[in-house]
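Chain and residue survey
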Amino acid sequence: MLRTQTSLSTWSQERNMKWLVLLGLVAFSECIVKIPLRRVKTMTKTLSGKNMLNNFVKEHAYRLSQISFRGSNLTIHPLRNIRDFFYVGNITIGTPPQEFQVIFDTGSSELWVPSVFCNSSTCSKHNRFRHLESSTFRLSRRTFSITYGSGRIEALVVHDTVRIGDLVSTDQQFGLSVAESGFEGMRFDGVLGLSYTNISPSGAIPIFYKLKNEGAISEPVFAFYLSKDEREGSVVMFGGADHRYYKGELNWIPLMKAGDWSVHMDRISMKRKVIACSGGCKALVDTGSSCIVGPSTLVNNIWKLIGATPQGSEHYVSCSAVNSLPSIIFTIKSNNYRVPGQAYILKDSRGRCFTAFKGHQQSSSTEMWILGDVFLRLYFSVFDRRKDRIGLAQAV
C-alpha cells in the first residue's frame, strides 16, 4: 500500500478528508491531544544516504508460538497513570525480549518504537530497539514518515515478535523510528495503535488483529479501565471485559462506520441547556488523547460558561471554584454521561487548575469531538471489533 510515491499521495489525500480519524500524538502544553495527520511520504533516499539499510540483519525463519491463558481467555495488562495526562503499559519486542513503554491508543493503528539509528534528543532519552540483538528480527525494506502538527517520526517498516504480557504476536509488522521530534519530555517510548487496519499509514496489520488471527485471544474485544489521580489499577484487557471494573450494565453504541472508533453523539449540555452538538455530531472515543477536544468556537463558549481565563496556551479557573463548576453532560444513544468539574479540570506542574477542553479548527461541515481520558476515567470502555460497537458503563 505504501510502496510508491503515487500510492502515498493518494492515501494521504483520502485520509486528510477524515482529518480526525488518522491521528498523531503531540504534546499540547499540559495535555496530550490529537491533531490532523498532514503528510505521509517515503524516506528511502534519506536512509540509503546514511547506509542504514545495509546495516540490518538478514531475514529469519519463524513458527507460531502456542499461547497459554492460565485457565482464562481474558488477559488483563497493567497501565500506569502519568499525572492524569496519559497512560502507558509495558510491551516487549524481539528475542530475547526488549522492554518499551507505550501508549495503547484507540485513535491510531500503528505500533512504533525508537530504533538505535535515532539520534534525536527525544530518542536519546527513551528506550531504543537494538535489532542486532534479536534473533527473530526481519526487515521489510519499506519506509514511511508521518508529520504531525508539532512533531514528526520517520520509520523503517520491520517485523519481530511482540509480547503484551502473555500475549505473543510473531512476525509482527511495526515501525522503528529513525528520527523523532515533538515528543520532548514525554514519558513514553512509542505508541501501540488499536484502531482499524484502513487507517494504518504503513499498511500494517495492527497487532490486535494479528493476535486474534493467531488464536491468542478468543474474542476480538478489548477494554480499558483508567484510574484517577495517578492511582494504581489502570488496565487494558484483551479478549473480553471484567465486570468487576464497572457498575450496572454496559450501554452498547454502534459505530458510525467500521473503520475507526467513532460513534454518533446526540448533544452536549450544561444546566439543561444544549451547548454543543445541537443537531447530533461525531465523537471519537480515544484512549490516546488526555483531553476532550471539539471545534474551537464551541470550546470557547464552554470556557466562557465556566469562567475560564486564558494564560498562555491554557485556560485556567480558580482551584477553589472547581467543586462548584457545573457538570457537562454528553448524551450518546439517549444515555447521559455526566462529566463533573472535578473531572474536566486538571492541575498543571505548578498546581494551577486548567480546563481539559481543547479546541480544534474544523476542516469539514461535520462537527467532531474527541472523548479522551478525561471522559474515559469516568466510564469503563469496551471496544468490540466483531460487532463494530463500543460499550460504556460507569467505572468503579
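Residues numbered from 1 in each chain as written. Predicted model: local features only at pLDDT ≥ 70, side-chain atom pairs only at ≥ 80, totals over all residues. Heavy atoms only, no water.

Our focus in this paragraph is the state of the cysteines. Applying the stated criterion to the full structure yields 3 disulfides. Between the sulfur of Cys-118 and that of Cys-123 lies a disulfide, 1.9 Å long from S to S. In this structure, the disulfide formed by Cys-118 and Cys-123 twists by about 75 degrees around the S-S bond and is classed as right-handed. Just as Cys-118 is buried, Cys-123 falls in that class too. With a sulfur-sulfur separation of 2.1 Å, Cys-277 is cross-linked through a disulfide to Cys-281. Note on the Cys-277 and Cys-281 pair: the S-S dihedral is about -105 degrees, so by sign convention the disulfide is left-handed. (Disulfide = S-S within 2.5 Å. Buried < 20%, exposed > 50% of the residue type's maximum accessible area, 1.4 Å probe, protein only.)

Strand order in the open sheet formed by 4 strands is S18-S17-S23-S24, and the pairing between neighbours is antiparallel. Only two strands of the sheet have a single neighbouring strand rather than two, namely strand S18 (273-276) and strand S24 (335-339). Shown here is a sheet whose adjacent strand axes are inclined to one another by a mean of 35 degrees, direction ignored. Two elements, strand S17 (residues 267-270) and strand S23 (residues 328-332), share 4 bridges in a ladder whose sense is antiparallel. (Pairing = 2+ DSSP bridges. Helix = DSSP H or I, 4+ residues; strand = E, 2+ residues; numbered from the N terminus. Axes fitted to C-alpha atoms, helices over the stretch in contact; angles between N-to-C directions.)

Turning our attention to the pattern of salt bridges. Here the structure, examined in full by the defined rule, presents 10 salt bridges. Note that Arg-352 and Asp-348 form a salt bridge whose closest N and O atoms lie 3.0 Å from each other. Residue classification places Asp-348 among the buried residues on the basis of a relative accessible area of 6%. (Salt bridge = Lys/Arg side-chain N within 4 Å of Asp/Glu carboxyl O.)

Of note, Tyr-196 is situated in the loop between strand S12 (190-193) and helix H4 (207-213). Spatially, the C-alpha atom of Tyr-196 lies 8.2 Å from that of Trp-261, the residues being 65 residues apart in sequence. With sequence-adjacent residues up to four places away left out, Tyr-196 is seen in contact with Ser-109, Pro-206, Tyr-209, Leu-255, Ala-258, Gly-259, Asp-260, Trp-261, Arg-385 and Asp-388. (Contact = heavy atoms within 4.5 Å.)

Turning next to the nonpolar core. Grouped together as the largest cluster of nonpolar side chains are 101 residues, with contacts concentrated most on Ile-91, Phe-104, Phe-238, Phe-330, Phe-357, Trp-369 and Phe-375. A per-element tally of this core places strand S10 (residues 152-164) first, with 7 residues. Counting residues in hydrophobic clusters, the runner-up holds 12 residues, among them Val-221, Ala-223, Tyr-225 and Tyr-245. (Core = buried A, V, L, I, M, F, W, Y, C linked by side-chain atoms within 4.5 Å.)

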